[in-house]
Structure formats: structure tokens, C-alpha cells
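# Descriptive structure summary
In case you want the letters, here they are:
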Amino acid sequence: MRELLLPKFNNNDEGCVLVGWTVDDGAAVSADAVVAEVETAKALEELVADADGVLHRLVEAGAHCAFGRPVGLLFDSRQERDDYLASPAAAAVTTAPEGQGQGEDHDGGPDPVLSDAARTLAQDHGIRTEQLRALGKRVVKASDVQRLIDQGLTDQGLTGQGLTDQGAAAAVAAGASAASEDAAVVRLSARQRAVAAVVSEAHRTIPAAFAAIAVDLTAFRAARGGAPYGLVELLVKAIAARHADFPLFFATPGADHTLTLAPTANVGVTVDVGTGLFIPVLKDAARRPIGDLTDDLMDFRVSALRQNFREDAFADEAITLSLHNEPDIILAAPIVHPGRTCVVTLCAERSEVALAEDGTPFTRPVTTVAVTYDHRYLNGRDAVRFLTAVKQDLETADAIARLAG
């Protein structure tokens, strides 16, 4: 028997809501199989089994669960689970009752359980408990609240339209069935619904601006030779090297127009190998050798394929590097994730025709490095200075040797 522990999905929460189990109690599961969905303040996450076994649930859907605590048990066989259930040890384990965390009953039914993200969205947009209860769901996720917002069913929207809470629920249902009966309907995956919640929150709360700069890669290609590192690692070093000069790019927004400055240049790098988007963190990138960063990035890709990142892989991110370096991508402007002030983007390498001093045309390798930034904390002049400094490091042989040395 082994415990199915709830991993620490981020450093901002102490726990999360177990939205629902995806397999039956007592069912056989395989290693890396998704067994439950949980929602943190930031996203909907999938809980996977770390070994083969027979599942025994310790908590029910709707329960608030602390990170690092067991939510289930995995047995080697059904017989072992049956023996456990018949033992005094099973009686000593308290299973969270169905609906734990629900509010009191009302005429319209019990209050639903809200994840932290759902509760924040509801409070920010004036979504009332009666409207949430009218959805008919015991566990309300951020995506459910966002659907009410998108339908215009906030307090203000309902007042303007003269809708009752029952009318709100009917409007949501009508919106879901408005498509033609002949039309194909595709349900978003849990991971994409999590992306939708984060993107919606980012666009709602962050006034983003954008700047981009072309980088000549001639010096990089000449300096690299057969060295075992690539442009991604060198860009990470160039970004981290600017930590002292541009501290607000590495800061975390707080209350009352404050920013918490990061003590070290920890660079989160997007990794997507077809199993979902992850942003593991290269710790202390300014001081560590570039070879260590290369090894870490390879480990990140393997972990993404196996979906078995360590708990601390996503901790303490100070700035994000979003990779859009697939062939022919010349420009990309990703969202600034809540909790960050900016995101740097690397696009694909490409050939560009230029003119020599004597007017002779020639081709040179170039790429685009861009920054999307929260305009509340960073200004256009800051973004241009930051990009120019990074560009100079990537185009100068001496700077490349220093960063890669």
C-alpha cells in the first residue's frame, strides 16, 4: 500500500479543491493515469497516479485538500484493499464526507463548494451565491463563473436584463444549446479549460503592452561552434544577466501598487512536448554554468513527456521565457501570467537579406526577441532598453563568451 499524495502545484496556495474523481473507488489504475481533477487559485490541474494499483479514495469530490496530504491509497491488489477495509486501521482513517465544505441549505438548495479561483472571480464580478446555486452544481469551478461573466450575468447584467436567478441558469443553458442540432460539439479538455481560466483572468486584470527587436545571430553561430548549448540557453543567460539593471522585470506585483523584487534571476521556460504546457524554473540562472542549464532543460523535456515533474520544479519563478521558436514563427505575444510583470519571447531563427557597406546584398541569420509587459509597472522605454541590452549580449562575441564561459 502507498499513499496518493496531493503535490504542491504552486507556491501561492496551501491547498486546493478536489473537483472530481475520474476513476471509480476500487478501480485498478496504471502509473501516470489521471485519477482526479483539482483546482488551485490559478488553474485546473490533473492528479496522476505515481504507480500501478487499486485506488481507494480518502476524500470525496468537493473537499478542500492540503498540499502534501494523502487523498487516496493505492493497493497492489483488490484483495489487499479488501483486507485493509476490514481492518481496524481503515476505521481510524477519516474520509471526508460527500459535499464537505458546503454551506447551509437554503430554499434553493445547499451552497456550492467554490475553488479559490472561482470565489475570487465571483467576488470581483459581483456574482451572487444565488446565481451560483442556480447552476445546479455542487462544485463550482472558475470556468463556471467565467461562463456566467461571459454571458453578462453579473449583478449589473442581471439587473439590466431583468433576469431572475432561475432566468440566469436558463440563459446559461440556452447558450450551451444554441448550436444547431446537426453541429458537432467538442468539449474542452481539463487542461485547456485551465488555460482558458488563466488567459481570461490575465486579459481581464493585466493591461499588457508589447515590444520586439531583431537579433543578428552571426556572432552566436560563429562563437558556438560545436559547443553543447543552444540559443535558448544563451538567451536565458542574457536575460538573467540583466537582473540587477532591470529589477522590476523580475518582480512580483503586490497590493497597494507595490512590487516584491526577486533576490535571484530564476527564469521560467515554457516546455510543451504535446502533453500540455509547463513552465519549470531554471534557478539562479545568472550564476550557474550554461552547461547546467542545458542539462536542466533536457530534464524538463523528459519530465514533461512523463508528466512527473518534481514538486519544486515550478517554484520561485521571477521572469518567464516563452519559446515560440518553431520554424517560420516570426512574432508572438503571449499573455503575462498573473504574478509576473512580463514575459520574454523567443521566435524562430530565419534568414534575412541585408546590405553590406558597399551595397552588396548578403544573407544573415536573425531571430526576434520580444517582451510583453504589464504597463502598470513597466513602460515602453524600459522595455526597449531591456531588449536592446539583451540584443547586444547576443550579437557581441565578447558578451557571448562571457555568458557561455
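The structure we're discussing is the one just above.
Residues numbered from 1 in each chain as written. Predicted model: local features only at pLDDT ≥ 70, side-chain atom pairs only at ≥ 80, totals over all residues. Heavy atoms only, no water.

### Topic: the packing of helix H12 (residues 380–395) against helix H13 (residues 397–404)
Put simply, the rule reads: Angular values range over 0 to 180 degrees, each being the angle between N-to-C directions of two axes fitted as lines to C-alpha atoms, with helices fitted over their stretch in contact. A run of DSSP states H or I qualifies as a helix once it reaches four residues; a run of E qualifies as a strand once it reaches two. Both are numbered from the N-terminal end. For this classification, under 35 degrees means roughly parallel, over 145 means roughly antiparallel, 65 to 115 means roughly perpendicular, and everything else is oblique. Any pair of residues with heavy atoms lying within 4.5 Å of one another is described as a contacting pair. Polarity classes work like this: nonpolar for Ala, Val, Leu, Ile, Met, Phe, Trp, Tyr, Cys and Pro, charged for Asp, Glu, Lys and Arg, and polar for all others, with Gly in that last group.
One can describe the packing of H12 onto H13 by two numbers: an axis separation of 5 Å at closest approach and a directional angle of 90°. Compared by their axis directions, H12 and H13 come out roughly perpendicular. Residues Gln-392, Asp-393, Leu-394 and Glu-395 of H12 touch H13, and the partners they reach there are Ala-397, Ala-399, Ile-400, Arg-402 and Leu-403. Residue classes in the contact of H12 with H13 are distributed as five nonpolar, one polar and three charged.

### Structural notes on the sheet that holds strand E3 (residues 28–29)
Our working rule: The pairing criterion is simple: DSSP has to find at least two bridges between the two strands.
Read across the sheet, four strands follow the order E1-E8-E6-E3 without closing on themselves; strand pairing throughout is antiparallel. In this open sheet, the two strands that pair with only one neighbour each are strand E1 (2–5) and E3. Looking at chain direction, E1 and strand E8 (residues 70–75) are connected through four bridges and run antiparallel. Within E8, the residue paired with Glu-3 across the bridge is Leu-73. Across the sheet, helix H1 (residues 78–85) lies against E3, strand E6 (53–57) and E8, angled at about 30° from E6, the strand it touches most.

### Digging into the nonpolar core
Put simply, the rule reads: Nonpolar cores were defined as sets of buried Ala, Val, Leu, Ile, Met, Phe, Trp, Tyr and Cys residues, with membership established by side-chain atoms within 4.5 Å. Here's how the labels work: a residue is buried when its accessible area is under 20% of the maximum for its type, exposed when over 50%, partly exposed in between, all with a 1.4 Å probe on protein chains only.
Counting residues in each nonpolar core, the largest one holds 54 residues, and the members touching the most others are Phe-249, Ile-319, Leu-321, Val-369, Val-371 and Phe-386. What Leu-321 contacts, discounting residues up to four positions off in sequence, is Val-232, Leu-235, Val-236, Ile-239, Val-267, Gly-268, Val-269, Thr-270, Val-344, Thr-345 and Leu-346. If you look at the next biggest cluster of nonpolar residues, it comprises 20 residues, including Ala-63, Phe-67, Val-71 and Leu-74.

### Things to note about the sheet that holds strand E7 (residues 64–66)
Taken together, the four strands give an open sheet; going across it, the order is E5-E4-E2-E7, and neighbouring strands pair in antiparallel fashion. Whereas interior strands pair on both sides, the edge strands pair on one side only; in this sheet they are strand E5 (44–48) and E7. With direction set aside, neighbouring strand axes in the sheet form an average angle of 45°. Sheet analysis places strand E2 (residues 15–21) next to strand E4 (residues 34–39), joined by four bridges and oriented antiparallel.

### A closer look at the pattern of salt bridges
Once the charged atoms of two side chains with opposite charge are near each other, the side chains can pair. Applied cut-off: Salt bridge, as applied in this entry: a Lys or Arg side-chain nitrogen positioned within 4 Å of an Asp or Glu carboxyl oxygen.
Going through the model one piece at a time under the given rule, you end up with 16 salt bridges. The residue Arg-57 makes a salt bridge to Glu-60 at a minimum N-O spacing of 3.9 Å. When the shortest N-O distance is used, the salt bridge between Asp-374 and Arg-376 registers 2.7 Å. If you follow the salt bridges from partner to partner, you end up with Arg-242, Asp-245, Asp-393 and Arg-402 in one network.

### Considering the side chain of His-243
Tracing the backbone shows His-243 in the loop between helix H10 (231–240) and strand E14 (251–253). By relative accessible area, which is 16% here, His-243 ends up buried. For His-243, the contacting residues outside a window of four places in its chain are Phe-250, Ala-262, Pro-263, Thr-264 and Ala-265.

Everything listed here is a matter of coordinates, which is why it stays silent on function.
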